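Chain and residue survey
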Amino acid sequence: MDAVEAARAVVEEQHPEARTAFLGGSVATGRGTATSDLDVVVLLHGAPAPYRESLQYAEWPVEMFVHTEATWHAYIERELPTRRSPLLWMCADGLLLFDTDGLLLFDTDGLGARLAAHARALVASGPPPVPADEIDDCRYAITDLLDDLAGSTDPSERLFIATELVRRTGELALAVSGSWGGGGKWLARRLEKTAPGLNARFHHGLREVLDGRAEPLVTVVDEVLARAGGRLWVGYKRAGTP
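The notes below deal with the structure included here.

Calculation rules
Residues numbered from 1 in each chain as written. Predicted model: local features only at pLDDT ≥ 70, side-chain atom pairs only at ≥ 80, totals over all residues. Heavy atoms only, no water. Helix = DSSP H or I, 4+ residues; strand = E, 2+ residues; numbered from the N terminus. Buried < 20%, exposed > 50% of the residue type's maximum accessible area, 1.4 Å probe, protein only. Contact = heavy atoms within 4.5 Å. Areas by Shrake-Rupley, 256 points an atom, 1.4 Å probe, with all protein chains shown as cover. Lys, Arg positive; Asp, Glu negative; His and termini not counted. Charge placed at Lys NZ, Arg CZ, Asp CG, Glu CD. Expected span 1.5 Å × (residues − 1). Polar contact = N/O pair within 3.5 Å; in protein donor to acceptor, adjacent residues only side chain to side chain. Pairing = 2+ DSSP bridges. Axes fitted to C-alpha atoms, helices over the stretch in contact; angles between N-to-C directions. Parallel < 35°, antiparallel > 145°, perpendicular 65-115°, else oblique. Left-handed = near helix turned anticlockwise from the far one by under 90°. Nonpolar A, V, L, I, M, F, W, Y, C, P; charged D, E, K, R; others polar. Core = buried A, V, L, I, M, F, W, Y, C linked by side-chain atoms within 4.5 Å. Salt bridge = Lys/Arg side-chain N within 4 Å of Asp/Glu carboxyl O.

**As for the overall build of the chain**
Counting its regular elements, the chain contains ten helices and five strands. With the C-alpha coordinates of the chain rotated into their principal frame, the extents come out at 65 × 40 × 35 Å. Within the chain, the fraction of its 242 residues that count as buried is 45%. Long-range contacts, defined here as pairs at least 24 residues apart, represent 66% of the contacts in the chain between residues at least 6 apart. Here the chain displays about 12500 Å² of accessible surface, and carbon together with sulfur accounts for 55% of that area. With 24 positive and 35 negative side-chain charges, the chain shows a spacing of 7 Å between the two charge centroids.

**What about helix α5 (residues 111–125)?**
Here α5 spans 21 Å end to end across 15 residues, near enough to the 21 Å set by a 1.5 Å rise per residue. Tucked into the core, α5 has its buried residues touching β1 (20–24), β2 (38–44), α3 (69–79), α4 (86–92) and β5 (95–96). Phi turns positive one or two residues past the end of α5, at Gly126, with a value near 85 degrees.

**Thoughts on helix α1 (residues 3–14)**
The first and last C-alpha atoms of α1 sit 16 Å apart over twelve residues, in line with the 16 Å expected at 1.5 Å per residue. All buried positions along α1 are accounted for by Ala3, Ala6, Ala7, Arg8, Ala9, Val10 and Val11. Contact partners of the buried residues in α1: β1, α2 (25–28), β2, β3 (51–57) and β4 (60–68). For α1, the capping residue at the N-terminal end is Asp2, with a side-chain oxygen 3.2 Å from the backbone nitrogen of Val4.

**With respect to the sheet that holds β3**
With mixed pairing, the five strands of this open sheet are ordered in space as β3-β4-β2-β1-β5. Bordering the open sheet on either side are β3 and β5, each of which pairs with just one other strand. Judged from the five bridges that link them, β1 and β2 form a sheet pairing that is antiparallel. Each bridged residue has a counterpart across the sheet, and for Ala21 the counterpart in β2 is Val42. Contacting β2 and β4, α3 runs over the sheet at an angle of about 100 degrees to β4. Where α5 meets the sheet, its contacts fall on β1, β2 and β5, and the angle it forms with β1 comes to roughly 45 degrees.

**Quick word on the packing of helix α7 (residues 155–176) against helix α10 (residues 215–228)**
For any two helices packed against each other, one specifies the inter-axial angle together with the distance between the axes. Packing of α7 against α10 leaves a shortest axis separation of 10 Å and a crossing angle of 30 degrees. As far as their axial angle goes, α10 and α7 are roughly parallel. Handedness of the crossing formed by α7 with α10: left-handed. In this structure, α7 contributes Ala162, Leu165, Val166, Thr169, Leu172, Ala173 and Val176 to the contact, and α10 contributes Leu217, Val221, Val224, Leu225, Arg227 and Ala228. Residues belonging to the contact of α7 with α10 are distributed by class as follows: eleven nonpolar, one polar and one charged.

**Remarks on the pairing of β2**
Counted residue by residue, β2 has seven buried out of seven residues, so it is predominantly covered. Residues Leu38, Val40, Val42 and Leu44 of β2 are buried on one face, and the alternating residues Asp39, Val41 and Leu43, pointing to the opposite face, are buried as well.

**Some thoughts on the nonpolar core**
Grouped together as the largest cluster of nonpolar side chains are 27 residues, with contacts concentrated most on Leu165, Leu198, Leu217 and Val221. Sort the elements by how many residues they give to this core and α7 lands first, with eight residues. Leu198 has contacts with Ala173, Leu191, Val220 and Val224, leaving out every residue within four places of it along the chain. Counting residues in each nonpolar core, the second largest holds 22 residues, with Ala3, Val40, Leu44 and Leu55 among its members.

**Let's talk about the pattern of salt bridges**
Overall, the coordinates contain 13 salt bridges when judged by the stated rule. Ionic pairing is found between Arg83 and Glu134, a salt bridge with its closest N-O pair at 2.4 Å. With a gap of 51 residues between them, Arg83 in the loop between α3 and α4 and Glu134 in helix α6 (residues 132–151) connect regions that are remote in the sequence. The buried category is assigned to Arg83, whose relative accessible area is 9%. A salt bridge links Glu208 to Arg213; the shortest N-O distance between them is 2.7 Å. Salt bridges sharing partners connect three or more residues here, namely Glu164, Arg167, Arg168 and Glu171.

Listed below in structure tokens is the structure:
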């Protein structure tokens, strides 16, 4: 059973009353691997939405994201300020599910087409700007990690410091470019598009750290920091909560 057939079948089995459904994620965008799951978004009229569930269907692991029209919009609005919205991208890049006769699965009122168009418009318009204090928080955290890396002689410590440096610096690179963020493999994929070559330099720098040479990684981190105002330590201040 291929991915689309499995996604269609699991929706028909779990939610025959669904208004519409999408297959999103890596499989829908042609970047699936041997361990990829099916990311399925389902829209219902009401309860038991909203919820998410992980399940197995045939040979496929499935992540099901179940919403009403109202909760779909509420989740998107809540996630947009973070500049990371898996739900948005699953519907913007995803496939509307068709039945075996080639008709849209359950989409009798056009909801799926409307949500897909809305999601694509939001993605195209880009994420909201990153607040200046959030950029400064990133600069401070990365500066602190650079100091830790410079002072550490323990190989295990250096591994985790360098790994955290790569992640945080990648996130900063996306932020200062005005790009959508992402975690895990999606961080790598967003960087691949936004800053070609940066992933390769991170990879090289991390390997060099593991071999005892921090300079290549420090160089690329400082280049990204420079775009945000450079290192930040002296003068950084944040009020605590009462």
